[in-house]
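# Structural overview for review
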Amino acid sequence: MSGDDKMSNRDIPDWMRPFATVVFVVAVMWVLEVIDLLPGLNLDQWGIRPRSLRGLIGIGTAPFLHNGFPHLISNTIPLLILGFLIAASGLQRFVQVMVVVMVVGGVGTWLTGASGSTHIGASGLVFGFLSYLLARAIFEKKILYLLGGMVVLFLYGSVLWGLIPKPGISWQGHIFGAVGGVVAAWMLHKPGDDALPDAKGLKA
């Protein structure tokens, strides 16, 4: 291994990589929102368009797109905090939860959203991360998780009002994002040997 390779491996300590990944995900959202300001660009068109074949692309892109900086700012802080709490269990665990929430939330929104609408924003991830942390505490029944779940509920319990349908708000994304978080907790923390692998030992 060359000296440059050794140096690159020391750039980010192993324990910090999961948290750096959370920051990177949020940074991508900010970069895309800045790019979207350029004349002639409309990145928001790549959101979820219910029951449209093209709109299926939005399942992977919609969480990274926002309707202006106020929308992005409102999602940034809870996304970082909740993401860090999940990332504390490892990079693999964070990626697993994020992917499940995006898929379940995205497909649910694509199936049930109003025709002709476009759904964008990371709110579905926020609701998914929140519900995952709460459901994880229930499935695992560990004191640390239960205490963490209580703290999360205390800090962000008011966010659950976003599950109530409101005009102009992608409540479908909120609801199915939350469902995705519960599904992720069930897949990763259900009793028995058929749960997904733990996050220990992953190198990235």
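## Details of the overall build of the chain
- Looking only at helices and strands, the chain features eight helices and zero strands.
- Secondary structure elements of the chain occur, N-terminal to C-terminal, as α-α-α-α-α-α-α-α.
- Relative to its 204 residues, the chain shows a buried fraction of 41%.
- For the chain, the exposed surface amounts to about 11100 Å²; the carbon and sulfur share of it is 72%.

## Some words on the confidence of the model for the chain
- When pLDDT is averaged along the chain, the result is 86; 83% of the residues meet or exceed 70.
- In the predicted structure, residues 199-204 sits below a pLDDT of 50 and forms nine contacts with residues beyond four places in sequence or in another chain.

## Here's the deal with the packing of aromatic side chains
- For the structure shown, the criterion picks out three aromatic pairs.
- Here Trp-30 and Phe-69 contribute two aromatic rings whose centre-to-centre distance is 5.6 Å and whose plane-to-plane angle is 40 degrees, an arrangement assigned as tilted. Taken as a pair, Trp-30 in helix H2 (residues 17-35) and Phe-69 in helix H4 (residues 69-87) lie far apart in primary sequence, 39 residues in all.
- The exposure class of Trp-30 is partly exposed, given its relative accessible area of 31%.
- Here the basic side chain of Arg-54 rests over the ring of Trp-46, its NZ or CZ set 4.4 Å away from the ring centre.
- Over the ring of Tyr-145 we find Arg-136, and its NZ or CZ is 3.8 Å from the ring centre.

## Some words on empty space enclosed by the protein
- Summed over the entire model, instances satisfying the criterion amount to one cavity of 30 Å³ or more.
- For the lining of the largest cavity, the secondary structure elements donating two or more residues are H2, helix H5 (91-112) and helix H6 (123-140).
- Top contributing element to the lining of the largest cavity by residue count: H2, with four residues.
- Here the residues of the lining of the largest cavity are counted per class, giving nine nonpolar, no polar and no charged.

Calculation rules
Residues numbered from 1 in each chain as written. Predicted model: local features only at pLDDT ≥ 70, side-chain atom pairs only at ≥ 80, totals over all residues. Heavy atoms only, no water. Helix = DSSP H or I, 4+ residues; strand = E, 2+ residues; numbered from the N terminus. Buried < 20%, exposed > 50% of the residue type's maximum accessible area, 1.4 Å probe, protein only. Areas by Shrake-Rupley, 256 points an atom, 1.4 Å probe, with all protein chains shown as cover. pLDDT = per-residue confidence, 0-100. Contact = heavy atoms within 4.5 Å. Phe/Tyr/Trp six-rings, centres within 6.5 Å; stacked < 30°, edge-to-face > 60°. Lys NZ or Arg CZ within 6 Å of the ring centre and 35° of its normal. 1 Å grid on protein atoms, 1.4 Å probe; cavity = no way out; pocket = protein on both sides within 12 Å on 5 of 7 lines; lining within 4 Å. Points joined across faces, edges and corners; volume = space filled by probe spheres on them. Nonpolar A, V, L, I, M, F, W, Y, C, P; charged D, E, K, R; others polar.

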